[in-house]
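Breakdown of the fold
Chain by chain, the residues:
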Amino acid sequence: MSTSFELNGVSTTLDADPAMPLLWAIREVAGLHGTKFGCGMALCGACTVHVSGKPVRSCVMPLSAVAGKQVTTIEGLQSKQAKAVQEAWILLQVPQCGYCQSGQVMSATALLESNAEPTDADIDGAMSGNICRCATYTRIRAAIHAAAQSIKA
Amino acid sequence: MIRPSPAAASSTRRDFLKTAGSATAVALTIGFEWLGPPRRAMAAVGSPAVFAPNAFLRVGADGSVTVIAKHVEMGQGAHTGIATVLAEELDADWKQVRVESAPANAKLYANLAFGTMQGTGGSSAMANSWSQLREAGAKGRAMLLAAAAQEWKVPVSDLTVDKGVVYHAGSKRQAAFGALASRAAALPVPDNVTLKDPQDFKLIGHQCPRLDVPSKVDGSAQFTLDVALPGMLVALLKRPPLFGATVKSFDPNAASAVPGVVKVVQVPRGVAVVAKSFWAAKQGRDALSVDWDDSHAEKRSTSQMMNEYRQLAERPAASALKVGDAAAAIKSATHTVAASYEFPYLAHAPMEPLDAVVKLTAGSCEIWAGDQFQTVDQGNAAKAAGLEPQQVSIHTLFAGGSFGRRANVGSDYIVEAVSIAKAYGADGTPIKLQWTREDDIHGGLYRPMYFHKLEAGLNERKELVGWRHVIVGQSIMAGGLFEVMVKDGIDPTSVEGASTIAYKIPNIDVELSTTKNAVPVLWWRVVGSSHTTFAVEAFIDEVAHAAGKDPFAFRRDLLEHEPRMKAVLELAADKAGWNNGPMPKGKGRGIAVGEAFKTFVAQVAEVSVDDRGRVTVDRVVCAVDCGIPINPDVIAAQMEGGIGFGLGAVMYSAITLQDGRVEQDNFNSYRVLRMNEMPKIEVHIIPSGEAPTGVGEPGVAPIGPAVANAIFAATGTRVHVLPFPKSNQV
């Protein structure tokens, strides 16, 4: 059984169980390893990707649900918001172990793509589903504000 | 010039690790040959580098400087710290520096704080590497200088080095390290080198960007999860639902019928489903039915165990510290204070669930893992595979967090992976063992549950004259490789932070009652101080209140003989505005201080408590003294992260058992800190010329009591049971 969709801007057909979570289809079938497995229940955000521009937890979304849609992973980030987020993440030295950071970057990018100047409350709302056990949260917050400023400037 | 000694762990910890290391070496007898002196520099096998003067450094013809890290990078910044120290003495250009993980080789890469075994823990990476890596870098520099002097026929003393380039001012000649590398490689390694005066440091104490950050921002960093080898299979293991239960029988048919499942095999820890993908292995495991023999399993509930602990606290126990006569001092005191504190089991819950890839043949075992305990893991893997330790090789990858979990004497996840590969047929098929989050939360090796009982006596002048502290809980080191460290009934990791209490008190009794049950336990970030610092710092606050004294001033007056601890306490109080008058209604400020692994940390927490009792931690001011600050920004990051890690634990986290069954499954029931709960944090680092100590763990210890003391200041209510009551949660 195969599912066709656009993966990082490229038309892709994956031959896999349509019930397989998108996370494992991306990782083990498409071979893109930036998206991480953390909980398998949409509780930690490590597997966050964009489907039609919106952040989703790929660990609970079946492959069949993205048929015909646009899926973007950390490897396919292109927008100016994404670049600003990644630059701010480096400037403010956000990552520690780094395992959750693909998901953090995906959630932060989606936030800035829909909200050019998020408040602290907006950041809490958009980012509280992304757990970081190293607790890099203060730097994530600062980096989102810095990315917003750099886009504005 | 500073010539610091390499040892830096706290004395009990240091002695433990040294002894433990020796015990390990004897137990594992790994045979690697020293490159005995006199020796010539040699290129590492399989490396394009032309100059490798020692086990820690390679310089390529392209000028690249590769530092070989003997410590795992699990978020704590060890790779960057290690590279900073070596690159400093080498005078390398930071832009040219990269890091590679060392292979498992205890002779070359032992943790000097552990003695003779390779591994990472106890916040020891920088402390034990400091002198070793400075010397390694300085020797490389001396040889590159000698090569330039030889080529240009000028005295070495006329040469200077800056950012990877050697200069001769007189003749205006210059050469990059890469151009000098092959000539340097032919020179003898000097026996002695002069290390830099710290005043001349260009990298240490400055901001070297973390070397691992770019790859962790674009998704290219390689974790064990990301290992993909040709023909690799994925295994999930079904483990017993109760600690101590074993497999009675199982029916592989339903699992085998799942498309993609290749084999179902029994191993000592359970029954494994080996499949072509994670999804197939997961479905196969869900379909697998196993009958368990739970006749020897732990079937008690944690509430029942805690009741037993409370009773044990009333009985005589082993003495961990005895100064004067605390019982008599408290009996004759004019005022007494008493309190007890209860601490739950805690899971480490690193973001990357445990995983390991094993490629096993009849004569070799190759392992890929975020490995934290290479020598122990090599020995345990060899035993499980039926091989010799030197037939086991380990590729250490980035670990997606650990907090102690990946360093355990049984090498649980490594041994599982090797056992599965062996049961599968040991035919060289790479097999990745993947834990799920539920496996992790149910999987044991928790921070032990503890009960603490404290009593204190004040004299008529309200001076603290007696202190009695009884700790009840399981031993981390009993019954394993580190059993030798348990002396006279005292496991130092159960009492550190309490038996090392810094306050000047004339009569002190610290006792330990060690319990036994089948729940496996392990060190968890900051180890004993994860509970002892809470008990000591929450209780000293109660004593200060009983004495009618300011909690900061009361502590400070008992720390006159401990200048470094006193200095962090004063700095944190000063920066937090401790003496700027009272907080508004509904807000409170609390303070706590502690020492762990010879690093001193004080924190002041500010909280808001609303009219329903819900607590928000608004701000934390942290002061730290970790000796010479190697990477100030990494130190700040570790304090921030340690505060968040510790805060989540005291506010939300607990592993509980009901009739032996773990009641939590995933991040919905095992709550950890999230973005909206993270306070604002300021970190202040004490300038120091002392040898560097670690920063990965010590920031975790004071936050719990600082917040508990702040809640008291805001509400008049003390916290005696962790995690905080649900009524405090927003």
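Residues numbered from 1 in each chain as written. Chains lettered and ligands numbered in written order. Predicted model: local features only at pLDDT ≥ 70, side-chain atom pairs only at ≥ 80, totals over all residues. Heavy atoms only, no water.

Let's shift gears to the packing of helix α2 (residues 80-91) of chain A against helix α5 (residues 137-152) of chain A. Residues and elements named next belong to chain A. Between α2 and α5, the shortest axis-to-axis distance is 8 Å and the interhelical angle comes to 130°. As judged from the angle between their axes, α2 and α5 are oblique. Seen from above, α2 lies across α5 with right-handed handedness. Contacts between α2 and α5 involve Lys80, Gln81, Ala84, Val85, Ala88 and Trp89 on the former and, on the latter, Ile140, Ala143, Ile144, Ala146, Ala147, Ser150 and Ile151. Here the contact of α2 with α5 is built from residues that sort into ten nonpolar, two polar and one charged. (Axes fitted to C-alpha atoms, helices over the stretch in contact; angles between N-to-C directions. Helix = DSSP H or I, 4+ residues; strand = E, 2+ residues; numbered from the N terminus. Parallel < 35°, antiparallel > 145°, perpendicular 65-115°, else oblique. Left-handed = near helix turned anticlockwise from the far one by under 90°. Contact = heavy atoms within 4.5 Å. Nonpolar A, V, L, I, M, F, W, Y, C, P; charged D, E, K, R; others polar.)

Next up on the list: the confidence of the model for chain B. Residues and elements named next belong to chain B. Chain-level statistics for chain B give a pLDDT mean of 93 and a share of 93% at 70 or above. With pLDDT under 50 throughout, residues 1-47 is counted as low confidence; its partners more than four residues away or in other chains account for 105 contacts. Predicted complex metrics record ipTM = 0.99 and pTM = 0.94. (pLDDT = per-residue confidence, 0-100.)

All names here are of chain A. Looking at chain A, the domain boundaries give domain 1 (2-76) and domain 2 (80-152). Computed over C-alpha atoms only, the centres of domain 1 and domain 2 are separated by 21 Å. Contacts between the two partners involve 16 residues from domain 1, matched on the other side by 13 residues from domain 2. A combined buried area of about 1100 Å² lies between domain 1 and domain 2, and 57% of that area is made up of carbon and sulfur atoms. Where domain 1 packs against domain 2, one counts zero salt bridges. Across the domain 1-domain 2 interface, the total number found is six residue pairs in polar contact (both at pLDDT 80 or more). (Domains from an automatic or database assignment. Buried area = accessible area lost by both parts, 1.4 Å probe. Salt bridge = Lys/Arg side-chain N within 4 Å of Asp/Glu carboxyl O. Polar contact = N/O pair within 3.5 Å; in protein donor to acceptor, adjacent residues only side chain to side chain.)

Time to look at the sheet that holds strand β13 (residues 318-323) of chain B. Residues and elements named next belong to chain B. If you trace the five strands from one edge of the open sheet to the other, you get β13-β21-β20-β19-β14, paired in mixed fashion. With partners counted over all chains shown, the strands left at the sheet margins are β13 and β14 (335-343), one partner each. Taken pair by pair, the neighbouring strands of this sheet meet at an average axis angle of 10°, ignoring direction. As judged from the five bridges shared by β13 and strand β21 (residues 507-515), these two strands associate in the antiparallel manner. Directly across from Leu321, in β21, lies its bridge partner Val510. In the packing of helix α9 (residues 302-312) onto the sheet, contacts are made with β14, β19 (450-458), β20 (464-474) and β21, and the angle to β19 comes to roughly 30°. Relative to the sheet, helix α15 (residues 529-546) contacts β14, β19 and β20, its axis offset from that of β14 by approximately 150°. (Pairing = 2+ DSSP bridges.)

It is worth spelling out the pattern of salt bridges at this point. All names here are of chain B. Going through the model one piece at a time under the given rule, you end up with 50 salt bridges over all chains. Residues Arg183 and Glu151 are paired through a salt bridge, measuring 3.2 Å at the closest nitrogen-oxygen approach. In this pair, Arg183 sits in helix α5 (residues 177-185) while Glu151 sits in helix α4 (residues 125-152), placing the two residues 32 residues apart along the sequence. The partly exposed category is assigned to Glu151, whose relative accessible area is 37%. One network of salt bridges, with partners in common, ties together Glu88, Asp91, Arg141, Asp162, Lys196 and Lys202. (Buried < 20%, exposed > 50% of the residue type's maximum accessible area, 1.4 Å probe, protein only.)

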